[in-house]
Amino acid sequence: MHAWGRRIRAVAAAGFLWGQATGAATLVNPGFETGDFTGWSTFGQSWRIGVGADAQAGSYGAVNDMLGGDVDQFRGVFQNIAIVGGASYSAGVWLRTVTMDTTESWLEIQWFDNVGGFISQLQSVHTTADQPFTYLSLTNMVAPINAVTVSVRGIVQMHNTSGAPDFSIFDSFDFSGGPVVPEPGTLTLLGGAGAAIAWWRRRRFRGGF
Ligand SMILES: [Ca+2]
């Protein structure tokens, strides 16, 4: 193979790897199996790690206790990760609720731009009654074209404390998707290199080398 042919192949390989890297949107500690909130942030009162029946999988889950006397109407457990605007993504979480009276909880996705500005959000169905661990999901989401970050969130809303306590337990978050990885030889991200490869392959087919 000619030297420039090898170079083109190197460029194509780099593009392929780049496509895979930017396509990877992966949550850290999605099931709280570190036994703590590593990788996650929370806001609002009364977040803790639970065990036993509070785990949908593994040993741990994230619990929000809505207790009499609480004041924070909204609570959330969330993780922000890099995404690519215009790409398609899906998210999910398992949610268990116990002695729910005056609370609702759900899965939420928020998109942010490159200066941290809020763009838009999506919410799953809201859970208002007791349920065993049930999968909530948001699928086939297309990230706004100017989005660079997604916030994957479990949200709890307390309407009042008259029915306290209410428990919302989140476990096994997932988030996946991203740009379609270009096939070597049909690169669109590196159109020039792709065209050169196509030309080189035609040359090779004709026995040019
Ligand atoms: Ca878990």
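Here we summarise the structure given alongside this text. Residue numbers restart at each chain and count upward from 1, following the sequence in its written direction. Owing to the predicted nature of the model, reporting of local features is limited to residues with pLDDT of at least 70; listing and counting of side-chain atom pairs is limited to 80 or more, with chain, interface and lining totals taken over all residues.

**Digging into the overall build of the protein**
- A tally of regular secondary structure across the protein gives two helices and ten strands.
- Strands are runs of DSSP state E lasting at least two residues, helices are runs of H or I lasting at least four, and both sets are numbered from the N terminus onward. Helices and strands in the protein line up, N terminus first, as α-β-β-β-β-β-β-β-β-β-β-α.
- Out of the 209 residues belonging to the protein, those deemed buried represent 30%.
- The contacts of the protein with a sequence gap of at least 6 include a subset with a gap of at least 24, amounting to 78%. With C-beta atoms placed from the backbone, a residue is labelled by how many other C-beta atoms lie within 10 Å of its own: buried for 20 or more, exposed for 12 or fewer, partly exposed between the two. Whether two residues are in contact depends on their C-beta atoms, placed from the backbone: they are in contact if these lie within 7 Å.

**As for the sheet that holds strand β10 (residues 166–178)**
- As summarised here, the arrangement of the five strands in space is β2-β3-β10-β5-β8, forming an open sheet in which the pairing is antiparallel. This sheet does not close on itself; its edge strands, each paired only once, are β2 (47–51) and β8 (131–142). Across the sheet, the mean angle separating the axes of adjacent strands is 30 degrees when strand polarity is ignored.
- Two strands are said to pair when DSSP picks up at least two bridges between them. Bridge count between strand β5 (residues 88–98) and β10: ten bridges; the pairing is antiparallel. If you follow Val 98 over to β10, its bridge partner there is Phe 167. To get an axis, fit a line to the C-alpha atoms, keeping to the stretch in contact for a helix; angles then go from 0 to 180 degrees between the N-to-C directions.

**So, the nonpolar core**
- Here a nonpolar core is just a set of buried residues of the types Ala, Val, Leu, Ile, Met, Phe, Trp, Tyr and Cys, joined wherever their C-beta atoms sit within 7 Å. Formed by 33 residues in total, the largest nonpolar core has its most connected members in Ala 91, Val 93 and Val 150.
- Apart from the residues lying within four places of it in its own chain, the contact partners of Val 93 are Leu 107, Leu 136, Gly 154, Phe 170, Ser 172 and Phe 173.

**Description of the sheet that holds strand β6 (residues 103–112)**
- Here five strands make up an open sheet; going across it, the order is β1-β4-β9-β6-β7 and the pairing antiparallel. Two strands close off the open sheet at either side, each with one partner strand: β1 (41–43) and β7 (118–123). Sheet twist, expressed as the average angle between the axes of neighbouring strands with direction ignored, equals 25 degrees.
- By the bridge criterion, ten bridges tie β6 to strand β9 (residues 149–158) in an arrangement that is antiparallel. Paired with Trp 106 across the two strands is Ile 155, which belongs to β9.

**Examining the pairing of β9**
- For β9, a buried count of seven out of ten residues is recorded, marking the element as mostly surrounded by other parts of the structure.
- Pairing between strand β4 (residues 74–82) and β9: nine bridges, direction antiparallel. Residue pairing across strands places Arg 75 opposite Val 156, the latter belonging to β9.

**Some words on unusual backbone geometry**
- In this structure, the amide linkage connecting Ala 164 to the following residue, Pro 165, adopts the cis form with an omega of 5 degrees.
- The backbone of Asn 140 shows a phi angle near 55 degrees, a positive value even though the residue is not glycine.
- Here Asn 140 shows up in strand β8.
- Positive phi is not limited to glycine here, since Ser 172 has a value of about 55 degrees.
- With respect to the helices and strands, Ser 172 occurs in strand β10.

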